[in-house]
Each structure stands twice: as C-alpha cells, then as structure tokens.
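Examining the three-dimensional arrangement
Take a look at the letters that make up each chain.
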Amino acid sequence: MRRHYRADGIHPEALAADPITQFSRWFAEAAQAERQGALYEPNAMVLATADAEGRPSSRTVLLKAYDERGFVFFTNYESRKARDITAHPYVSLLFPWHPMARQVIVTGTALRTGRDETAAYFRTRPHGSQLGAWASTQSSVVASRAELEDAYAELAARYPEGEQVPVPPHWGGFRVVPQRVEFWQGRENRLHDRICYVREPGTDGWRVERLAP
C-alpha cells in the first residue's frame, strides 16, 4: 500500500519568518480542505508523552487555541496524559493531514494554562461537554458503560440546560511551548520536503533547517 505523492513542495523563499505564522497558513489551508470535504478535523493532533519510567504513549486530542506562546489543548488533570506531563513535561504533537500529504510535528514543553483561561474556554463548551468533564474520571477503570451514564444523568439533573456548570478543579488546559516545529510535505519519489524551525537558545528567534527525507 503505497501512494505516490505529487504535491507542490515547500519553497524556502515563501516561508514565514516564524513557525506560528507558517502554521497559520497551513492550518487555514487544512480548514479549507475540511470545508470541501477533503479532510476531517484539521485541529486533531496526536499527543505523545512519556511516563515516569520513560514508557511512551500517544492519543488524539483537539487543538483549541494557538498563538506565539504555543498550542493549547484541554483535559482532565488526573488523566494518564496529564500524569505523564507532570513526570516529563516534554511532549510531541503531530498534525496528520494525510489527504494533503502534509504533517506538522511540534516538540516542546507542556505547561498548565491559568485558571482564568481555562474557565473562559470551559464556558464555550456545549452543556453536555461541560457535564462530561465532571462525569468522567478520565483514564480510571469503570465497571460498565452504565456507571458512566448514571454519573452523567445525575449531573444533568443537578445542572439542567441553561444553568451554569462550575469548572471542575481537576480539569484544565496545557500549552505546548514549541522548541522545534517541522513542516513535512510529501513529494514524488519519496524525496519529501522537511523544513524545521528550531528555537535559538535563550532567544525568541528561530533558525530554519532543511532535513533529508
């Protein structure tokens, strides 16, 4: 099972000076592809972490915000991913935009967002998702699906639609502060383009490197 990529490449003269601006350009194109039915959930990204013993794990999470400070997602702070980040804050993000023969790979340090930022985002979530953040003790063992649904039903009765749901103290955001961002474009004959932005130590500047495919 092999696909021959024939996409246009990454032209150095057209690159942005920093990876966030370059990401914005590619993300806008991925969002356009989603609107055309060619791509599903462009903000889905694979988060890779390692636990205290160095054992890796990965899962898909959703990007909820990004700016020059980094890439933000939200989760239960008692989940496996959050426990891993507490042990080792160095993480990797992968945006797998396969229909466009593109990937973006971010490596950096994950830091908790402030409670004000968390609360502001929580208020934008659908009512059901707010209840779900309370109902699920993420990554813990549950006896059955019924146990989970019963917990949700109890919360729905306590906080009916239209009533404000408090922000769970065990739930919040992480911001991945990038140290390295790679833009990968599939090319013909497996001569893919790999352009990597690397943060210059002790500065806000970036150097750009081309990597062999």
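Predicted, not measured: the structure shown is a model, and the values here were computed from it.

A few words now on helix α3 (residues 115–122). Taken residue by residue, α3 has T118, Y121 and F122 as its buried positions. The buried side chains of α3 occupy one side of the element, clustering within an arc of 100° when seen end-on.

This paragraph deals with the nonpolar core. In this structure, F23, F95, W97 and V104 are the most contacted members of the largest nonpolar core, which totals 34 residues. Among the elements of the structure, α1 (19–35), β1 (44–50), β4 (70–76), α2 (80–87), β5 (90–97), β6 (102–112), β7 (171–185) and β8 (193–199) are those that each provide at least two residues to this core. If you tally residues by element for this core, the top one is α1, at six residues. Other than its neighbours up to four places away in sequence, W97 contacts F23, W26, F27, A30, L39, P42, R102 and V104. Within the second largest apolar cluster, 12 residues are counted, among which are F74, F122, L131 and V167.

Once that is clear, we can look at unusual backbone geometry. Although it is not a glycine, S139 sits at a positive phi angle of roughly 75°. The backbone of N189 sits at a positive phi, close to 60°, despite the residue not being glycine. When you line up the elements, N189 lands in the loop between β7 and β8.

We now examine the packing of helix α4 (residues 127–135) against helix α5 (residues 145–158). Interaxial distance between α4 and α5 falls to 9 Å at its minimum, and their mutual angle equals 125°. Between α4 and α5, the angle falls in the class oblique. As for how α4 packs across α5, the hand of that crossing is right-handed. On the side of α4, the interface is formed by G128, L131, G132, W134 and A135, while α5 contributes L148, A151, Y152, L155 and A156.

A few words now on the layout of surface pockets. In this structure, the largest pocket spans a volume of roughly 300 Å³. Around the largest pocket, the lining is made up of 15 residues, and of these F74, T75, R125, Q138 and W171 lie nearest the centre. Looking at which element gives the most residues to the lining of the largest pocket, the answer is β4, with four residues. Classifying every residue of the lining of the largest pocket by side-chain character gives seven nonpolar, five polar and three charged. The space that makes up the second largest pocket amounts to roughly 180 Å³.

Counted by the stated rule, this structure contains 18 aromatic pairs. Measuring from ring centre to ring centre gives 4.2 Å for F74 and Y121, while their planes differ by 15°; the resulting arrangement is stacked. Taken together, the positions of F74 in strand β4 and Y121 in helix α3 put the pair 47 residues apart, joining distant regions of the chain. Overall, F74 belongs to the buried group, its relative accessible area being 15%. Plain terms: the ring middles of F122 and W171 are 5.3 Å apart, the flat faces sit at 70° to each other, and that makes the pair edge-to-face. With F122 in helix α3 and W171 in strand β7, this pair connects stretches of sequence that are 49 residues apart. Joined through ring pairs, the aromatic side chains of F23, F27, Y66, F71, F95 and W97 make up one cluster. In this structure, R112 is placed above the aromatic ring of Y77, and the distance from its NZ or CZ to the ring centre is 3.7 Å.

Cut-offs used in this document
- Residues numbered from 1 in each chain as written.
- Predicted model: local features only at pLDDT ≥ 70, side-chain atom pairs only at ≥ 80, totals over all residues.
- Heavy atoms only, no water.
- Buried < 20%, exposed > 50% of the residue type's maximum accessible area, 1.4 Å probe, protein only.
- Helix = DSSP H or I, 4+ residues; strand = E, 2+ residues; numbered from the N terminus.
- Arc of directions from axis to C-beta.
- Core = buried A, V, L, I, M, F, W, Y, C linked by side-chain atoms within 4.5 Å.
- Contact = heavy atoms within 4.5 Å.
- Axes fitted to C-alpha atoms, helices over the stretch in contact; angles between N-to-C directions.
- Parallel < 35°, antiparallel > 145°, perpendicular 65-115°, else oblique.
- Left-handed = near helix turned anticlockwise from the far one by under 90°.
- 1 Å grid on protein atoms, 1.4 Å probe; cavity = no way out; pocket = protein on both sides within 12 Å on 5 of 7 lines; lining within 4 Å.
- Points joined across faces, edges and corners; volume = space filled by probe spheres on them.
- Nonpolar A, V, L, I, M, F, W, Y, C, P; charged D, E, K, R; others polar.
- Phe/Tyr/Trp six-rings, centres within 6.5 Å; stacked < 30°, edge-to-face > 60°.
- Lys NZ or Arg CZ within 6 Å of the ring centre and 35° of its normal.

Taken by themselves, the reported measurements are silent on function.
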